[in-house]
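Observations on chain architecture
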Amino acid sequence: MASRSVTSVTISEDPIAYENTHVHAIYEQIAPHFSSTRYKPWPVIAAFLSSLPPGWVGLDSGTGNGKYLPLPAESPGRVWTIGLDRSLNLLKIAKNAGGVCREVIWANVSDQPWRKGSFDYAISIATIHHLATYERRKQAVQRLLQAVSPSHGRILIYVWAVDQDDLSKREIPVVDDLSAAEEPGKDVFVPWVLPSDTVQTRQEQVFNRYYHMFAKGELTQLVSEAAEEMGLYVGAKSERAGIHRGIDFKQNGWERSNYYVEVHCWAV
Amino acid sequence: MVRLITHNLLACHVKGCTSNNFPLQFQDVQIELREADYNADFLKAFLPKLEWKALVDSARKLGDTSLPLEQPEMLDNDFLKNLHHVLLEVLSNRRYHLQLLDESPPRYMSRKGV
């Protein structure tokens, strides 16, 4: 029987080919079953979407089954979120998220199929951790920074954490030769078990999805480096000479085995 | 099929297609109409951020001439209803720049056309 626990992996091939095999191809196969387990919006994300002013349009980069496209639930149509994903089978589900025709586009999170700065907000939930190198994760963050307005854009990012909830069923491999402070993120396979009744064969199937589990502080470091590389100042809005654009961390936390950050763009 | 609101946000991202890449051009166009919830607050706040000319030109190419060439100063009910319809209820397809390959997500058609 195939392993059900999380296992460490080393990426030895081209990262794009690696993602195609160990992320994209798997989501295409497990899409309906995966979607049936992903219906409850996480509170921080729902609150973020409820906090947006009317008339804002946003990008959900890695929308999956589109469960955030109908939000905020209390005022439908006050904002419009457009979903982007690499999995066509997940997008087919997202297209009708909440029983309404949604806006979805098929692309990679490292592409930029939009007008720069045309969105007011962007969310990327449980997506960037599927990219196989630090550089590619940084590029995905830069795409979010480029997609939103440099003067008022807001971005919310969630990624899987090395620190797991007690309630989580996962067993995480322990790396014991590193101190906690220096502990880096981990590249792992996380199994997805497709029950036997959803496939034609009689046996259940196990698919190992690639994840980069983020260490404490790694997400803020990634976002800061991505911004600085674009010439953005990291910190509160400043009138100091020479500083024209920046990002400010509004939230930075851990929820249910994930790290998240909310950043606001500013310009003077 | 996407609504014209999305069409107003997308641009071609084929390598080298960095200028003149907005809006995406229609080809062998198909149109679909879908009702959407009317929300005047959304429309009024979104309006200043819209690429107006691109929206009006695209709507006209799809046969809808209900929007004026210049944005009106007075946002009356008739105008907002027309804007709502064009922006959120008219869906169209667009042609992909390249065929959809196994490892390559869609590339959108450039202004120059294929």
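Computed from a predicted model, the values in this text were never measured in an experiment.

Some words on the overall build of chain B
A tally of regular secondary structure across chain B gives four helices and three strands. Going from N to C terminus, chain B has its helices and strands arranged as β-α-β-α-α-α-β. Residue burial in chain B is summarised as follows: out of 114 residues, 34% are buried. Sequence-distant contacts, at least 24 apart, represent 70% of the contacts inside chain B between residues at least 6 apart.

Comments concerning the packing of helix H4 (residues 134-147) of chain A against helix H5 (residues 218-229) of chain A
Residue and element names in this part refer to chain A. The contact between H4 and H5 brings their axes to 9 Å, and the two run at 65°. Two packed elements cross with a definite hand, and for H4 against H5 that hand is right-handed. Note on element contacts: H5 touches H4 through Leu222, Val223, Glu225, Ala226 and Ala227, opposite Arg137, Lys138, Val141, Gln142 and Leu145. A class-by-class count of the residues in the contact of H4 with H5 yields six nonpolar, one polar and three charged.

Side note on H5(A)
Residue and element names in this part refer to chain A. The terminal C-alpha atoms of H5 lie 16 Å apart, and with twelve residues this matches the ideal 16 Å at 1.5 Å per residue to within 8%. Along H5, the positions that sit buried rather than exposed are Glu218, Leu219, Leu222, Val223, Ala226 and Ala227. What you see down the axis of H5 is that its buried residues fit within an arc of 165°, all on one side. Residues of H5 that are buried in the fold lie against H4, strand E6 (154-160), strand E9 (233-234), strand E10 (245-255) and strand E11 (258-267).

Structural notes on the interface of chain B and chain A
Of the residues lining the interface, 21 residues belong to chain B; the matching set on chain A comes to 24 residues. Broken down by secondary-structure element, the contributors of at least two residues to the side of chain B that touches chain A are strand E1 (2-3), helix H1 (4-7) and helix H2 (40-46) of chain B. Residue contributions to the side of chain B that touches chain A peak at five residues, all from H2(B). Classifying every residue of the side of chain B that touches chain A by side-chain character gives twelve nonpolar, three polar and six charged.

A few points about the sheet that holds strand E2 (residues 31-33) of chain B
Strand order across the open sheet formed by three strands is E1-E3-E2 (chain B), with antiparallel pairing between neighbours. Looking at strand neighbours, the two that pair on one side only are E1 and E2 of chain B, the edges of this open sheet.

Brief notes about the sheet that holds E11(A)
Residue and element names in this part refer to chain A. The strand order across the open sheet built from eight strands is E4-E3-E2-E5-E6-E11-E10-E9, with neighbouring strands paired in mixed fashion. Taken across any chain shown, the strands that pair with only one partner, and hence form the sheet edges, are strand E4 (104-106) and E9. Each of strand E2 (57-61), strand E5 (121-125) and E6 touches H4; the most contacted strand, E5, lies at about 160° to it. Relative to the sheet, H5 contacts E6, E9, E10 and E11, its axis offset from that of E11 by approximately 25°.

Describing the environment of Lys53(B)
By the secondary structure assignment, Lys53(B) is in helix H3 (residues 52-61). Take Lys53(B): there are 12 C-beta atoms within 10 Å of it, and that puts it in the exposed class.

What to know about the nonpolar core
Among the nonpolar cores identified, the biggest contains 91 residues, and Ala122(A), Val148(A), Ile157(A), Phe214(A) and Val223(A) are the most heavily contacted of them. For Ile157(A), the contacting residues outside a window of four places in its chain are Ser124(A), Ile128(A), Leu219(A), Val223(A), Tyr260(A) and Val261(A).

Examining the pairing of strand E3 (residues 80-85) of chain A
Residues and elements named next belong to chain A. With respect to burial, E3 is a largely interior element, six of its six residues being buried. For E2 and E3, the ladder comprises five bridges, and the chain directions are parallel. What sits directly across from aspartate 60, in E3, is glycine 83. Sheet topology note: the E3/E4 ladder contains three bridges and is parallel. In the strand pairing of E4, aspartate 85 is matched with tryptophan 106.

Notes on unusual backbone geometry
Residue and element names in this part refer to chain A. Cis geometry marks the peptide bond from leucine 71 to proline 72; its omega dihedral reads 0°. We note that arginine 256 has phi near 45°; this positive angle belongs to a residue other than glycine. Unlike most non-glycine residues, serine 257 shows phi in positive territory, near 70°. With respect to the secondary-structure elements, serine 257 resides in the loop between E10 and E11. In this structure serine 257 comes out as partly exposed when scored by C-beta crowding, with 17 C-beta atoms within 10 Å.

Remarks on the confidence of the model for chain B
All names here are of chain B. Per-residue confidence for chain B gives a mean pLDDT of 80, with 78% of residues at or over 70. Ranking the elements of chain B by mean pLDDT puts strand E3 (residues 90-92) last, at 89, and helix H4 (residues 77-88) first, at 96. Complex prediction metrics read pTM 0.89 and ipTM 0.84.

Cut-off values and rules
- Residues numbered from 1 in each chain as written.
- Chains lettered and ligands numbered in written order.
- Predicted model: local features only at pLDDT ≥ 70, side-chain atom pairs only at ≥ 80, totals over all residues.
- Helix = DSSP H or I, 4+ residues; strand = E, 2+ residues; numbered from the N terminus.
- Buried ≥ 20, exposed ≤ 12 C-beta atoms within 10 Å, placed from the backbone.
- Contact = placed C-beta atoms within 7 Å.
- Axes fitted to C-alpha atoms, helices over the stretch in contact; angles between N-to-C directions.
- Left-handed = near helix turned anticlockwise from the far one by under 90°.
- Nonpolar A, V, L, I, M, F, W, Y, C, P; charged D, E, K, R; others polar.
- Expected span 1.5 Å × (residues − 1).
- Arc of directions from axis to C-beta.
- Pairing = 2+ DSSP bridges.
- Core = buried A, V, L, I, M, F, W, Y, C linked by C-beta atoms within 7 Å.
- pLDDT = per-residue confidence, 0-100.

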